[in-house]
Amino acid sequence: MDENDLFAALKLAIAAGRVSVRFDYKRLNHQDSPLCVEADSNRWIYGIMAATLAAGFLVVWWAGVAALIIGVALYWGIGRNWVRRRMEGRFHNRILEDIGLFKKLWRIHGVTLALTSRPVLCHSPGGNWRRFVMQNLAGDGPDAP
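Computed from a prediction, not measured in an experiment: that's the story for all the values here.

### Things to note about the overall build of the chain
Along the backbone of the chain there are six helices and three strands. Each helix and strand of the chain, placed in order from N terminus to C terminus, yields the pattern α-β-α-α-α-α-β-β-α. Computed over C-alpha atoms, the radius of gyration of the chain comes to 20 Å, more than 25% over the 15 Å expected from 2.2 N^0.38 for 145 residues, which places it beyond the range of a compact globule. In terms of overall dimensions, the chain has C-alpha extents of about 70 × 25 × 25 Å along its principal axes. In the chain, which comprises 145 residues, the proportion classed as buried is 36%. Restricting to contacts in the chain with at least 6 residues of sequence separation, those with at least 24 account for 60%. Summed over its atoms, the accessible surface of the chain is roughly 8700 Å², and 58% of this surface lies on carbon and sulfur atoms. Taking the average location of the 18 positive side-chain charges in the chain and that of its 12 negative ones, the two points are 7 Å from each other.

### Notes on the packing of helix H1 (residues 3–16) against helix H6 (residues 129–136)
Their axes nearest at 10 Å, the elements H1 and H6 cross at an angle of 65 degrees. If you check the angle between H1 and H6, you find them roughly perpendicular. Handedness of the crossing formed by H1 with H6: left-handed. Contact with H1, carried on its side by Glu3, Leu6, Phe7, Ala9 and Leu10, involves Trp129, Arg130, Val133 and Met134 of H6 and no other residues of that element. A per-class count over the contact of H1 with H6 returns seven nonpolar, no polar and two charged.

### A few points about the sheet that holds strand E1 (residues 19–23)
The antiparallel open sheet is built from three strands, whose spatial order is E1-E2-E3. Looking at which strands have only one partner, the edges of the open sheet turn out to be E1 and strand E3 (121–123). When the angles between neighbouring strand axes are averaged without regard to direction, this sheet yields 20 degrees. Looking at chain direction, strand E2 (residues 111–115) and E3 are connected through three bridges and run antiparallel. Looking at E3, one finds that Leu113 is bridged to Cys122.

### Quick notes on the side chain of Ser124
Note that Ser124 resides in the loop between E3 and H6. The buried category is assigned to Ser124, whose relative accessible area is 7%. Among the polar contacts listed, one links the side chain of Ser124 to the backbone oxygen of Ile108, at a separation of 2.7 Å. With residues near it in sequence (within four places) discarded, Ser124 still touches Trp106, Ile108, His109, Gly110 and Val111.

### What about the packing of aromatic side chains?
Tallied over the full model, the rule gives nine aromatic pairs. On the numbers, 5.3 Å between centres and 50 degrees between planes, the contact of Phe7 with Phe102 is tilted. A residue pair is termed long-range when its members are at least 10 positions apart, and Phe7 in helix H1 and Phe102 in helix H5 (residues 99–106) qualify at 95 residues. On the basis of relative accessible area, Phe102 is assigned to the buried category, the value being 1%. Centre to centre, the rings of Phe102 and Trp106 are 5.9 Å apart; their planes meet at 25 degrees, and the pair counts as stacked. Taken together, the residues span about one helical turn, with Phe102 and Trp106 both in helix H5 at a distance of four residues. With respect to burial, Phe102 and Trp106 carry one shared label: buried. Here the aromatic cluster, defined as three or more aromatic residues joined through ring pairs, consists of Phe7, Phe102, Trp106 and Trp129.

Rules used throughout
- Residues numbered from 1 in each chain as written.
- Predicted model: local features only at pLDDT ≥ 70, side-chain atom pairs only at ≥ 80, totals over all residues.
- Heavy atoms only, no water.
- Helix = DSSP H or I, 4+ residues; strand = E, 2+ residues; numbered from the N terminus.
- Rg over C-alpha atoms; globule rule 2.2 N^0.38 Å.
- Buried < 20%, exposed > 50% of the residue type's maximum accessible area, 1.4 Å probe, protein only.
- Contact = heavy atoms within 4.5 Å.
- Areas by Shrake-Rupley, 256 points an atom, 1.4 Å probe, with all protein chains shown as cover.
- Lys, Arg positive; Asp, Glu negative; His and termini not counted.
- Charge placed at Lys NZ, Arg CZ, Asp CG, Glu CD.
- Axes fitted to C-alpha atoms, helices over the stretch in contact; angles between N-to-C directions.
- Parallel < 35°, antiparallel > 145°, perpendicular 65-115°, else oblique.
- Left-handed = near helix turned anticlockwise from the far one by under 90°.
- Nonpolar A, V, L, I, M, F, W, Y, C, P; charged D, E, K, R; others polar.
- Pairing = 2+ DSSP bridges.
- Polar contact = N/O pair within 3.5 Å; in protein donor to acceptor, adjacent residues only side chain to side chain.
- Phe/Tyr/Trp six-rings, centres within 6.5 Å; stacked < 30°, edge-to-face > 60°.

Below, the structure written as structure tokens:
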């Protein structure tokens, strides 16, 4: 099996639920990560800034402080999860369609492949995802070549 066949087997196993993918969002939320799009977080930041400035200048200064506190609370309560869901969606809709992007992502710390049937993990970047697929997904058994 070549690398493209292994990647196709991994993609099918993820879609079938045989392999789960876990992300360390702190490590993956930077400009080199193909999962991260700064505009996702910036939308929240700009919205919080606009609400803070509008409330502070158009109402009174303490309304601006209140808007800032509410905005930060909304980001921590809702915004971070929204950004994470977008990253997961990007993984399934974009990264799993392009082996080059997957390999770029794999070179960054923060991705873990896990078998759902038994405790077998493969962590990026040190783990060999190709060997993980060959030993656990290719063929009939866990040790099939």
